[in-house]
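What follows is the residue order along each chain.
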Amino acid sequence: PVFGGDIRPQRGINNEVGPFFHAGSLAGQGAVYRMDVKDEIGYDANTFANVNFDPSRHQGAEIDLTWKISSDWRARLAYTYTDAEFRSGAYEGKQLPMVASNKATAQIGWNGARLGNYTAQLNYVGQRHISGDFTHIRKQLPAYVTADLRASWNLKPFQINLAALNLFDKRYAP
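Residues numbered from 1 in each chain as written. Predicted model: local features only at pLDDT ≥ 70, side-chain atom pairs only at ≥ 80, totals over all residues. Heavy atoms only, no water.

### Quick look at the overall build of the chain
Each helix and strand in the chain was counted, giving 0 helices and 11 strands. Traced from its N-terminal end to its C-terminal end, the chain shows the element sequence β-β-β-β-β-β-β-β-β-β-β. Here the C-alpha radius of gyration of the chain, 20 Å, is well above what a compact globule of 174 residues would show, namely 16 Å. Here the chain holds 174 residues, and 28% of them are scored as buried. Across the chain, the fraction of contacts at a sequence separation of at least 24, relative to all contacts at a separation of at least 6, is 49%. Working note: accessible area of the chain is about 11500 Å², and carbon and sulfur atoms make up 58% of it. Distance between charge centres in the chain, computed from 19 positive and 16 negative side chains, equals 6 Å. (Helix = DSSP H or I, 4+ residues; strand = E, 2+ residues; numbered from the N terminus. Rg over C-alpha atoms; globule rule 2.2 N^0.38 Å. Buried < 20%, exposed > 50% of the residue type's maximum accessible area, 1.4 Å probe, protein only. Contact = heavy atoms within 4.5 Å. Areas by Shrake-Rupley, 256 points an atom, 1.4 Å probe, with all protein chains shown as cover. Lys, Arg positive; Asp, Glu negative; His and termini not counted. Charge placed at Lys NZ, Arg CZ, Asp CG, Glu CD.)

### Looking at the pattern of salt bridges
The final tally for this structure, using the stated rule, is 6 salt bridges. A salt bridge links Arg 76 to Asp 64; the shortest N-O distance between them is 2.7 Å. Taken together, the residues Arg 76 in strand S7 (residues 73-86) and Asp 64 in strand S6 (residues 56-68) connect sequence positions 12 residues apart. A relative accessible area of 17% means that Asp 64 is categorised as buried. Each of the salt bridges in this network shares a partner with another, and the network as a whole consists of Arg 8, Arg 11 and Asp 39. (Salt bridge = Lys/Arg side-chain N within 4 Å of Asp/Glu carboxyl O.)

### Examining the nonpolar core
Ranked by size, the top nonpolar core spans 5 residues in total: Phe 53, Ala 84, Phe 86, Leu 96 and Phe 134. In this structure, Phe 86 is in contact with Phe 53, Asp 54, Pro 55, Ser 56, Tyr 91, Glu 92, Gly 93, Lys 94, Gln 95, Leu 96, Pro 97 and Phe 134, ignoring residues within four places of it in sequence. (Core = buried A, V, L, I, M, F, W, Y, C linked by side-chain atoms within 4.5 Å.)

### Re the side chain of Thr 82
Following the sequence through the fold, Thr 82 ends up in strand S7. Polar contacts involving the side chain of Thr 82 include one to the side chain of Tyr 33, which spans 2.7 Å. In this view, Thr 82 contacts Tyr 33, Gln 59, Val 99, Ala 100 and Ser 101; residues no more than four positions away in its chain are not counted. (Polar contact = N/O pair within 3.5 Å; in protein donor to acceptor, adjacent residues only side chain to side chain.)

### What about the packing of aromatic side chains?
Throughout the structure, instances matching the rule amount to 9 aromatic pairs. When the ring of Tyr 144 is compared with that of Tyr 172, the centres are 4.0 Å apart and the planes differ by 15°; the resulting orientation is stacked. Residue Tyr 144 is found in strand S10 (residues 144-155), and its partner Tyr 172 is found in the segment after strand S11 (158-164); the two are separated by 28 residues along the sequence. Judged by relative accessible area, Tyr 172 falls into the partly exposed class, the value being 34%. Here a set of aromatic residues connected by ring pairs shows up, and it is made of Phe 53, Phe 86, Tyr 91 and Phe 134. (Phe/Tyr/Trp six-rings, centres within 6.5 Å; stacked < 30°, edge-to-face > 60°.)

Geometry only, nothing functional implied.
Here is the structure:
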């Protein structure tokens, strides 16, 4: 038991393979993965508690590209596709709630050396089934995009980090 409750530890087998490349100012990596999970821990909005799910499989692909625009500027794009479904049990073949099939990030960063490092980022999260909707009878949560700004200054021996997340106060269900 975890913390004296009835929740079993989550465990799984993860297989992943993919290339990495570097060509001049462009670098990237990709991967395809498959993860079989037993006793996945998740929140069940119907019981208002964390529970162990029936066996599930998460599989998909990831790609991450970075472009060094100049010595001070870089751009990055990342995308993940995930198919997460129950492998057996009452919801066999159904998608896991709260797992978006599509996620993406786009960012641009400036390294100002002594002036600091600055990054602007857009985050996309696709539609997903609401927590507890194991039978998919409810409307899916809508996709959303948020914007973040980050800054850091290295003032040896200290480093200061500042982040403004969800800059435009986008209303969404996390």
